[in-house]
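What follows is the residue order along each chain.
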Amino acid sequence: MTLTARAKPVSPRPSAAHRTWRTLSPYAYIAPFFTLFAAFGLFPLIYTAFVSLYRVELQTPGEMEWRGLGNYTALFDDEIFWTALGNTFTIGVLSTVPQLVMALGLAHLLNYRLRGRTFLRTAMLLPYATSVAAATLVFAQLFGRDFGLINYVLGLAGFDPVDWQAGTVSSQIAVSTIVIWRWTGYNALIYLAGMQSIPSELYEAAEMDGASRWRQFIHVTLPGLRPTILFTVVVSTIGATQLFGEPLLFEGSISGGISHQYQTLGLYMYEQGWGFFHLGRAAAIAWVMFLLILVLVGVNALIAHRHSRKEAGR
């Protein structure tokens, strides 16, 4: 008796519409993101560059007069612009460097098995969750000249009261203190997450070699945290360049003090656009800030790349 082999069912060939959908479906899934990015990210960026080439007033936004690079040349001839740029750099350094150093130390402490460390980690985010307006208003009272708590403590130590809002250095220290208070805990948790991703075998090997905890921190923790540190430096640099809320609410003035002693580029842009109604110049300031951020991020990336090459060449 002859057995006939059962024929395998032939799967129907996918239609042209089905093949097209299989090709285009990945793009359809990511289309909402790119649509929102184009509408709220790319278009404002391009339109701001377009407006920066015209004389545009807030009262008459439909009347535009071509200026070319006139807004930029007028900007660079303005002494207040250079003051705001210097203030932005100074406040950025005064707030970023202590903030990241303190965050690194707090993360190192929280990485140990402490009692109530879950509560401490949660408490680290409370300043970040606090409204910038509420935090700045509280610190403005603390740094008050006549009845502020900071001057009261200085008086107990034998120092004269400081007019924190009038002096250049004192006002910038006060604004930097607000930034440090708000962002130290946030960066500490980022560093803590990076520390917990470092293999424990590295610490065990270093301990077997007789390395103290300080040497373990220098030779194991810091090299393992290098990408995380670069990330926090870049993000903090961007935040320092765009600093706006803290200096605005510290005294409630868009000029950053009587002599612009703590006016940042963000405040200067707001003053030009919504104080003096010069939207074209405000757009030029926005693009200068954007290019400045690109330069600073590029410098950070270049330094990190050269350091990595040196470490690899050893």
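Structure first, text after, so check above.
Residues numbered from 1 in each chain as written. Predicted model: local features only at pLDDT ≥ 70, side-chain atom pairs only at ≥ 80, totals over all residues. Heavy atoms only, no water.

Asker: Please clarify how the overall build of the protein chain should be interpreted in this entry.
Answerer: Along its length, the protein chain carries 14 helices and two strands. Relative to the 2.2 N^0.38 estimate, which gives 20 Å for 314 residues, the radius of gyration of the protein chain is 27 Å and therefore markedly larger than a compact globule would have. Expressed as lengths along the three principal axes of its C-alpha atoms, the size of the protein chain is roughly 115 × 70 × 40 Å. The buried share of the protein chain, taken over its 314 residues, is 34%. Intrachain contacts of the protein chain at a sequence separation of at least 6 include 66% that bridge at least 24 residues. (Helix = DSSP H or I, 4+ residues; strand = E, 2+ residues; numbered from the N terminus. Rg over C-alpha atoms; globule rule 2.2 N^0.38 Å. Buried < 20%, exposed > 50% of the residue type's maximum accessible area, 1.4 Å probe, protein only. Contact = heavy atoms within 4.5 Å.)

Asker: Sorry if this is basic, but what is going on with a nonpolar patch on the surface here?
Answerer: Together, W21, L24, Y27, Y29, I30, F33, F34, F37, L42 and I46 make up a nonpolar patch on the protein surface, roughly 1100 Å² of accessible area in all. Here Y27 shows up in helix 1 (residues 16-51). Judged by relative accessible area, which is 56%, Y27 ranks as exposed. (Patch = residues over 30% accessible without salt bridge, like charges linked within 9 Å, V, L, I, M, F, W, Y side chains within 5 Å. Areas by Shrake-Rupley, 256 points an atom, 1.4 Å probe, with all protein chains shown as cover. Salt bridge = Lys/Arg side-chain N within 4 Å of Asp/Glu carboxyl O.)

Asker: So what exactly am I meant to see when it comes to the packing of aromatic side chains here?
Answerer: All chains considered together, the criterion is met by 21 aromatic pairs. Residues Y270 and W274 carry aromatic rings whose centres are separated by 5.7 Å and whose planes lie at 15° to one another, so their mutual orientation is stacked. With a gap of four residues between them, Y270 and W274 both fall in helix 13 (residues 265-275), about one helical turn apart. Classification of Y270 as partly exposed rests on a relative accessible area of 31%. (Phe/Tyr/Trp six-rings, centres within 6.5 Å; stacked < 30°, edge-to-face > 60°.)

Asker: Help me out: how do you make sense of the environment of R226 in this one?
Answerer: You can see R226 is positioned in helix 11 (residues 226-241). Taking the relative accessible area as the measure of exposure, R226 reaches 28% and is therefore partly exposed. Distance from R226 to A304, taken between C-alpha atoms, is 8.5 Å for residues 78 residues apart in sequence.

Asker: When you look at the side chain of T237 in this model, what are you seeing that I'm missing?
Answerer: With respect to the element layout, T237 can be found in helix 11. For T237, a relative accessible area of 17% corresponds to the buried category. Ignoring any residue separated from it by four or fewer positions in sequence, one finds T237 in contact with L296 and N300.

Asker: What exactly am I supposed to notice about the side chain of S95 here?
Answerer: For S95, the position within the fold is in helix 3 (residues 79-110). Sequence-distant contacts of S95, that is, excluding residues within four places in its chain, are made with S176, V179 and I180.

Asker: I keep staring at the pattern of salt bridges and nothing clicks. Help me out?
Answerer: Tallied over the full model, the rule gives four salt bridges. We note a salt bridge from R145 to D146, for which the minimum N-O separation is 3.4 Å. Exposure remark for D146: the relative accessible area of 54% places this residue in the exposed category. For R145, the salt bridge is made with D163, and the minimal N-O distance between the two is 3.8 Å.

Asker: Can you walk me through helix 6 (residues 132-142) in this structure?
Answerer: Since the α-helix turns once every 3.6 residues, residues separated by three or four places project in the same direction. All of the buried residues along helix 6 are A135, T136, F139 and A140. Relative to the axis of helix 6, the buried residues are bounded by an arc of 135° and lie together on one face. Those residues of helix 6 that are buried lie in contact with helix 8 (168-196) and helix 12 (245-251). Backbone nitrogen of A133 and a side-chain oxygen of the N-cap are separated by 3.2 Å at the start of helix 6; the cap is S131. (Arc of directions from axis to C-beta. Polar contact = N/O pair within 3.5 Å; in protein donor to acceptor, adjacent residues only side chain to side chain.)

Asker: Would you take a moment to explain the environment of I198 for this structure?
Answerer: Structurally, I198 can be placed in the loop between helix 8 and helix 9 (200-208). Residues I198 and F276, spaced 78 residues apart in sequence, show a C-alpha to C-alpha distance of 52 Å. Among residues more than four places away in sequence, those in contact with I198 are Y203, V220, T221, G224 and L225.

Asker: Can you help me understand the environment of R121 in this one?
Answerer: Along the polypeptide, R121 turns up in helix 4 (residues 117-124). R121 sits 68 residues away from L189 along the chain, and the two C-alpha atoms are 7.2 Å apart. Among all residues touching R121, those that are not within four sequence positions of it are L110, L189, L192 and Q196.

Asker: Is there a simple way to explain unusual backbone geometry in this structure?
Answerer: What is expected of a backbone is that most residues other than glycine have negative phi and most peptide bonds are trans. The phi torsion at H260 lies on the positive side, around 60°, for a residue other than glycine. On the basis of relative accessibility, which here comes to 17%, the residue H260 falls in the buried class. The phi dihedral of F277 is positive, around 65°, even though this residue is not glycine. Inspection of the secondary structure assignment puts F277 in the loop between helix 13 and helix 14 (279-313). F277 sits in the partly exposed class, given a relative accessible area of 31%.

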